Amino acid sequence: MQLSILSLRYNAFTGGIPAELSNLSSLHVLDLAGNRLTGSIPPALGDLNGMIQEQNINYNLFHEYCWENPG
């Protein structure tokens, strides 16, 4: 089984987005909105940019938000 949707919204998670998420090669939806995530978007997630059809990382505490919207 391959993970295609990862929705972890509004869980009060803290810290950064793990770069290991880039290993989820069949991921199509990434929703991390409404947490307390900080730091930058890991550059490795850019490798999934063509595969992710929907991403939501709003309502976090990122000091840089530069993820090009796929599609």
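Refer to the preceding data block for the structure.
My aim in this report is to walk through the structure given alongside it, one point at a time. All values derive from a computational prediction rather than experimental measurement. (Residues numbered from 1 in each chain as written. Predicted model: local features only at pLDDT ≥ 70, side-chain atom pairs only at ≥ 80, totals over all residues. Heavy atoms only, no water.)

What follows is about the overall build of the chain. Regarding its fold elements, the chain presents zero helices and six strands. Taken from N to C terminus, the helices and strands of the chain fall in the order β-β-β-β-β-β. Looking at the chain residue by residue over its 71 residues, the buried ones come to 39%. The contacts in the chain between residues at least 6 apart in sequence include a share of 52% that link residues at least 24 apart. Put simply, the chain shows about 4,600 Å² of open surface, and 51% of that area lies on carbon and sulfur atoms. (Helix = DSSP H or I, 4+ residues; strand = E, 2+ residues; numbered from the N terminus. Buried < 20%, exposed > 50% of the residue type's maximum accessible area, 1.4 Å probe, protein only. Contact = heavy atoms within 4.5 Å. Areas by Shrake-Rupley, 256 points an atom, 1.4 Å probe, with all protein chains shown as cover.)

Moving on, we get to the sheet that holds strand 3 (residues 29-31). Taken together, three strands build an open sheet; the order of strands is 1-3-5 and the sheet is parallel. Two strands lie at the open edges of the sheet, namely strand 1 (5-7) and strand 5 (54-56), each paired on one side alone. Put simply, the sheet's adjacent strands are angled 5° from each other on average, direction ignored. Examined bridge by bridge, strand 1 and strand 3 share three bridges and lie parallel to one another. Across the sheet, the residue bridging to I5 is V29, located in strand 3. (Pairing = 2+ DSSP bridges. Axes fitted to C-alpha atoms, helices over the stretch in contact; angles between N-to-C directions.)

Right, let's talk about the environment of E54 for a bit. Looking at where E54 falls in the secondary structure, it is placed in strand 5. The spacing of E54 and V29 is 25 residues in sequence and 4.9 Å in space, taken between C-alpha atoms.

This paragraph deals with the nonpolar core. Nonpolar side chains tend toward joint burial in soluble globular proteins. Ranked by internal contacts, the top residues of the largest apolar core, which has 13 residues, are I17, L21, L30, L32, I41, L45 and F62. The contact partners of L21, leaving out residues within four places of it in the chain, are L6, L30, L32, L45 and L48. (Core = buried A, V, L, I, M, F, W, Y, C linked by side-chain atoms within 4.5 Å.)

Here we take up the pattern of salt bridges. Scanning all chains against the criterion turns up one salt bridge. Here R9 makes a salt bridge to D31, at a shortest N to O gap of 3.3 Å. Pair noted here: R9 is in the loop between strand 1 and strand 2 (14-15) and D31 is in strand 3, with a separation of 22 residues, a long-range link. Judged by its relative accessible area of 37%, R9 falls in the partly exposed class. In this structure D31 comes out as buried when scored by relative accessible area, which is 10%. (Salt bridge = Lys/Arg side-chain N within 4 Å of Asp/Glu carboxyl O.)

Let us now look at unusual backbone geometry. Phi is positive for A12, which is not a glycine, with a value near 60°. Structurally, A12 is set in the loop between strand 1 and strand 2. For A12, a relative accessible area of 53% gives the class exposed. Phi at Y59 takes a positive value of approximately 60°, unusual for a residue other than glycine. Under the relative-accessibility criterion, Y59 is labelled exposed at 64%.

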